[in-house]
Amino acid sequence: MVLGWLWFGPLFGKQWMATMGWTPERMAAMRNDPAMKNKMMRGYALMAVGALLMAFVLSHSIVFAGSYMAVSGISAGLQAALWSVVGFIAPVLLGAVLWENKPWKWWFIMVGYYLADLLVMGVILGMWM
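Read on for a plain summary of the structure. All of these numbers come straight from a predicted model, not from anything done at the bench. (Residues numbered from 1 in each chain as written. Predicted model: local features only at pLDDT ≥ 70, side-chain atom pairs only at ≥ 80, totals over all residues. Heavy atoms only, no water.)

This part covers the overall build of the protein. Of regular secondary structure, the protein possesses 6 helices and 0 strands. Ordered by position from N to C terminus, the α and β elements of the protein give α-α-α-α-α-α. When the backbone C-alpha atoms are referred to their principal axes, the protein occupies close to 50 × 30 × 25 Å. Out of the 129 residues belonging to the protein, those deemed buried represent 32%. Residue pairs at least 24 apart in sequence account for 62% of intrachain contacts in the protein once pairs closer than 6 positions are excluded. Charge centroids of the protein, computed over 8 positive and 4 negative side chains, lie 3 Å from each other. (Helix = DSSP H or I, 4+ residues; strand = E, 2+ residues; numbered from the N terminus. Buried < 20%, exposed > 50% of the residue type's maximum accessible area, 1.4 Å probe, protein only. Contact = heavy atoms within 4.5 Å. Lys, Arg positive; Asp, Glu negative; His and termini not counted. Charge placed at Lys NZ, Arg CZ, Asp CG, Glu CD.)

Running from amino to carboxyl end, helix α4 (residues 34-69) crosses helix α6 (residues 104-128) at an angle of 60 degrees, the nearest separation of the two axes being 10 Å. Viewed along their axes, α4 and α6 adopt a mutual orientation that is oblique. Here α4 runs over α6; the crossing is right-handed. Contacts between α4 and α6 involve Met47, Ala51, Met54, Ala55, Leu58, Ser59 and Ile62 from the former and Tyr114, Asp117, Leu118, Met121, Gly122, Leu125 and Gly126 from the latter. For the contact of α4 with α6, the residue count by class is 10 nonpolar, 3 polar and 1 charged. (Axes fitted to C-alpha atoms, helices over the stretch in contact; angles between N-to-C directions. Parallel < 35°, antiparallel > 145°, perpendicular 65-115°, else oblique. Left-handed = near helix turned anticlockwise from the far one by under 90°. Nonpolar A, V, L, I, M, F, W, Y, C, P; charged D, E, K, R; others polar.)

Glancing now at a nonpolar patch on the surface. A cluster of nonpolar residues, Phe64, Tyr68, Met69, Leu82, Trp83 and Val86, forms a patch on the protein surface that exposes about 660 Å² of accessible area. Taken together, the elements giving at least two residues each to the nonpolar patch come down to α4 and α5 (73-99). Here Leu82 shows up in helix α5. Judged by relative accessible area, which is 37%, Leu82 ranks as partly exposed. (Patch = residues over 30% accessible without salt bridge, like charges linked within 9 Å, V, L, I, M, F, W, Y side chains within 5 Å. Areas by Shrake-Rupley, 256 points an atom, 1.4 Å probe, with all protein chains shown as cover. Salt bridge = Lys/Arg side-chain N within 4 Å of Asp/Glu carboxyl O.)

Packed helix pairs are characterised by how far apart their axes lie and by the angle those axes make with each other. Packing of helix α3 (residues 24-32) against α4 brings their axes to within 5 Å, and their N-to-C directions diverge by 90 degrees. For the element pair α3 / α4, the angle class is roughly perpendicular. Only Pro34, Met36, Lys37 and Met40 of α4 make contact with α3, whose side of the interface consists of Met30, Arg31 and Asn32.

Our focus in this paragraph is the nonpolar core. In globular proteins that are soluble, nonpolar side chains generally tend to be buried together. Core analysis: the biggest nonpolar cluster contains 30 residues, and Leu58, Leu93, Trp106, Trp107, Tyr114 and Leu118 have the highest contact counts within it. At the level of elements, α2 (13-20), α3, α4, α5 and α6 are the ones that each hand at least two residues to this core. Every residue in contact with Tyr114, bar those within four places of it in the chain, is listed here: Met47, Met54, Val85, Ile89 and Leu93. (Core = buried A, V, L, I, M, F, W, Y, C linked by side-chain atoms within 4.5 Å.)

See the structure below:
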């Protein structure tokens, strides 16, 4: 959650908002709308559950990477994270560029976020397992 705040805030927040067609005024209005606040809180809660699920699945990928590629620890975590992004995240998000008219810049921001997110998870899980 902290990485998401950094990524979509100080690091790439303005670029991401532009790719979404959002303005700072719209974001401020959304923050001040009580119904939107409730929706955002549910969204944060669901994203936290999704992050836990992603970490759980990544832990299984690390075990598989360790048995299949004869690597362990942080190296297995990083490899499992990288291949998860290359094999699943990047192709799925590609559909938004091809069919939903999202700009390529959006794709790079999103894939970069998930790459960073999974690499951090991979390091933590790799050290722990």
